Amino acid sequence: MVGLGIRTRETGATATLQGQEKPVIRSLTGGELRLENTVSGVGFNAIDLLYASLSACLVMSARIAARKLGFIERISAYEVQVSGEKAAQEPYRITRFDVHFRVTGDLSEAETHELAETAEAMCTVSNTLKANADVVLMIRT
């Protein structure tokens, strides 16, 4: 395994919902996103954000992995598309994540697999999903 340097920053998000408005999510780093809460509406919903988190983590990890593996100069673009399957019965959850990994550049099939596997191994989001992290609910009154 390629050595990984770990850097951290403050992370977290808060979702708020006022009356009949659409939910708003704010990150501790200053980002803001209004969620779509209807089936036919345009925009991200909560499940889209889960898929987006995994795809973003993997695509950024792929670039880091390419640098560490010495492939960076031979790649012009990275794309990770994530979809999945949702359970039809309770407890509702995503039962499978389908990840399509693509690079544009001059890599062999073996190098592309090595890059994808290295990126997946360093991706915090995929590692968290596979580890079944605890969700600790703290009620504020």
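Residues numbered from 1 in each chain as written. Predicted model: local features only at pLDDT ≥ 70, side-chain atom pairs only at ≥ 80, totals over all residues. Heavy atoms only, no water.

Helix and strand counts for the protein chain come out as three helices and five strands. Element order for the protein chain, N to C, with α for helix and β for strand: β-β-β-α-β-β-α-α. Seen through its C-alpha atoms, the protein chain measures out along the principal axes to roughly 55 × 30 × 25 Å. For the protein chain, buried positions account for 21% of its 141 residues. Sequence-distant contacts in the protein chain: of pairs separated by 6 or more residues, those separated by 24 or more amount to 44%. Placing the 15 positive and 17 negative side-chain charges of the protein chain at their respective mean positions leaves the two points 6 Å apart. (Helix = DSSP H or I, 4+ residues; strand = E, 2+ residues; numbered from the N terminus. Buried < 20%, exposed > 50% of the residue type's maximum accessible area, 1.4 Å probe, protein only. Contact = heavy atoms within 4.5 Å. Lys, Arg positive; Asp, Glu negative; His and termini not counted. Charge placed at Lys NZ, Arg CZ, Asp CG, Glu CD.)

Looking now at the domain arrangement of the protein chain. Examined at the domain level, the protein chain breaks down into domain 1 (11-44) and domain 2 (45-131). When each unit is reduced to the centre of its C-alpha atoms, the spacing between domain 1 and domain 2 is 24 Å. At the interface, six residues of domain 1 touch four residues of domain 2. Buried area between domain 1 and domain 2, summed over both chains or domains, comes out near 360 Å², and the portion from carbon and sulfur atoms is 79%. The tally of links between domain 1 and domain 2 comes to zero residue pairs in polar contact (both at pLDDT 80 or more). In the side of domain 1 that touches domain 2, the residues fall into four nonpolar, one polar and one charged. (Domains from an automatic or database assignment. Buried area = accessible area lost by both parts, 1.4 Å probe. Polar contact = N/O pair within 3.5 Å; in protein donor to acceptor, adjacent residues only side chain to side chain. Nonpolar A, V, L, I, M, F, W, Y, C, P; charged D, E, K, R; others polar.)

A few words now on the sheet that holds strand 3 (residues 32-34). Whenever strands of a sheet pair, they do so through backbone hydrogen bonds, lying parallel or antiparallel. The antiparallel open sheet is built from three strands, whose spatial order is 1-2-3. Only two strands of the sheet have a single partner each, and these edge strands are strand 1 (13-16) and strand 3. Across this sheet, the average inter-strand angle for adjacent strands is 15°, counted without regard to direction. (Pairing = 2+ DSSP bridges. Axes fitted to C-alpha atoms, helices over the stretch in contact; angles between N-to-C directions.)

What follows deals with the packing of aromatic side chains. Any two aromatic rings considered together are summarised by their centre-to-centre distance and by the angle between their planes. In the structure shown here, the tally under the stated rule is one aromatic pair. When the centroid spacing of 6.0 Å and the interplanar angle of 85° are considered together, the rings of Tyr51 and Phe97 count as edge-to-face. Placement of Tyr51 in helix 1 (residues 46-69) and of Phe97 in strand 5 (residues 94-105) is noted, with a sequence separation of 46 residues between them. (Phe/Tyr/Trp six-rings, centres within 6.5 Å; stacked < 30°, edge-to-face > 60°.)

With that settled, the discussion passes to the layout of surface pockets. Taken as a whole, the largest pocket spans an internal volume of roughly 1800 Å³. Contributing elements (two or more residues each) for the lining of the largest pocket: strand 2 (24-27), strand 3, helix 1, helix 2 (109-122) and helix 3 (124-131). Ranked by residue count, the leading element in the lining of the largest pocket is helix 1, at 13 residues. For the lining of the largest pocket, the class distribution of residues is 20 nonpolar, 12 polar and eight charged. Counting contributing residues per domain, the lining of the largest pocket is built from domain 1 (11-44) and domain 2 (45-131), each supplying no fewer than three. By volume, the second largest pocket amounts to about 170 Å³. Lining the second largest pocket are Thr128, Leu129, Asn132, Ala133 and Val135. In terms of residue class, the lining of the second largest pocket is made up of three nonpolar, two polar and no charged. (1 Å grid on protein atoms, 1.4 Å probe; cavity = no way out; pocket = protein on both sides within 12 Å on 5 of 7 lines; lining within 4 Å. Points joined across faces, edges and corners; volume = space filled by probe spheres on them.)

Each pair of packed helices can be summarised by the angle the axes make with each other and by the distance between the axes. Look at helix 1 against helix 3: their axes get within 7 Å of each other, and the N-to-C directions meet at 125°. Taken as axis vectors, helix 1 and helix 3 run oblique relative to one another. For the pair helix 1 and helix 3, contact is made by Leu50, Ser53, Leu54, Cys57 and Leu58 and by Thr124, Val125, Ser126 and Leu129, respectively. Residues belonging to the contact of helix 1 with helix 3 are distributed by class as follows: six nonpolar, three polar and no charged. (Parallel < 35°, antiparallel > 145°, perpendicular 65-115°, else oblique.)

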